[in-house]
Amino acid sequence: MADDGPSKYITLVSSDGFEFVVLREAACASPTIAGMLRNQMIEARTGRCSFAEISSIILEKVAEYLSYRLKYKDKLDVPDLDIPVEYCLEMIVAADFLGLDEQMA
């Protein structure tokens, strides 16, 4: 089988070992993840990005947000993304770490 370049999907791995498969295009909305997938970094070769500081509960919501963001890009009538109140502080910390807070402007 010929190597046609990087896979269309990547895997995000949480601190507790759970894996979330997302579209590469969606994941690259995060400057941190995009940087991990560049050049000769191990993540670029394996298509796996591990986050020792992000739990599965939060990384699942991050993966959901990344897909949501891609799906509704350039749309006007966008439904709310449900984030339970008890996750909000950890989501803000994860968004900051992943550079997603900068993308909101």
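Let us look at the structure shown here. Owing to the predicted nature of the structure, the values given are computational and were not obtained by experimental measurement.

## Overview of the overall build of the protein chain
Per the secondary structure count, the protein chain includes five helices and three strands. If you line up the protein chain on its principal axes, its C-alpha atoms span 45 × 35 × 20 Å. Burial statistics for the protein chain: of 105 residues in total, 36% are counted as buried. Considering only intrachain contacts with a sequence separation of at least 6, the fraction spanning at least 24 residues in the protein chain is 59%. Total accessible area on the protein chain is roughly 7,000 Å²; 55% of this is exposed by carbon and sulfur atoms. Charge separation in the protein chain, taken as the distance between the mean sites of 10 positive and 18 negative side-chain charges, equals 8 Å.

## With respect to the state of the cysteines
What the rule picks out here adds up to zero disulfides. Distance from the sulfur of Cys-49, which forms no disulfide, to the nearest cysteine sulfur (Cys-28) is 8.2 Å.

## Focus: the environment of Met-41
Here Met-41 shows up in the loop between helix H2 (31-36) and helix H3 (42-46). Contact partners of Met-41, with chain neighbours within four places excluded, come to Gly-35 and Met-36.

## Topic: helix H5 (residues 88-98)
By the burial criterion, the buried members of H5 are Met-91, Ala-94, Ala-95 and Leu-98. Within H5, the buried residues cover an arc of 100° as seen down the axis, which keeps them to one side. Exposed residues on H5 whose side chains face more than 90 degrees from its buried face are Leu-89, Ile-92 and Val-93. Elements in contact with the buried residues of H5: H2 and helix H4 (56-71).

## A short note on the pairing of strand E2 (residues 19-23)
Along E2, the buried face is formed by Phe-20 and Val-22; none of Glu-19, Val-21 and Leu-23, which line the opposite face, is buried. Relative to E2, strand E1 (residues 9-13) runs antiparallel, the two sharing five bridges. Opposite Val-13, over in E2, you have Glu-19 as the bridge partner. What sits between E1 and E2 in their antiparallel hairpin is a turn of five residues, with Gly-17 showing a positive phi close to 90°.

## A few points about the environment of Ile-33
With respect to the helices and strands, the residue Ile-33 is situated in helix H2. Along the sequence, Ile-33 and Glu-43 sit ten residues apart, while their C-alpha atoms lie 9.0 Å from each other.

Reading the values: rules and limits
Throughout, a residue's number is its position along its own chain's written sequence, starting from 1. Local features in a predicted model are, by the rule used here, given only for residues with pLDDT of at least 70; side-chain atom pairs are given and counted only at 80 or more, and totals for whole chains, interfaces and linings are based on all residues. The side-chain values count all of the structure's non-hydrogen atoms but skip hydrogen atoms and water molecules. Secondary structure elements follow DSSP: runs of H or I no shorter than four residues count as helices, runs of E no shorter than two count as strands, and numbering proceeds from the N terminus. Only protein chains enter the accessibility calculation, which uses a 1.4 Å probe; a residue is then buried when its area is under 20% of its type maximum, exposed when over 50%, and partly exposed in between. Throughout, a contact is declared for two residues whenever any of their heavy atoms are within 4.5 Å. Only the protein chains shown count as cover for residues, and the accessible areas themselves come from Shrake-Rupley with a 1.4 Å probe. Residues scored as charged are limited to Lys and Arg (positive) and Asp and Glu (negative), so that His and the chain ends carry no count. Where a charge lies is defined by one atom per residue type, namely NZ (Lys), CZ (Arg), CG (Asp) and CD (Glu). Any two cysteine sulfur atoms lying within 2.5 Å of each other are counted as a disulfide. The arc in question is formed by the directions pointing from the helix axis toward the C-beta atoms. By definition, two strands form a pair when at least two bridges between them are found by DSSP.

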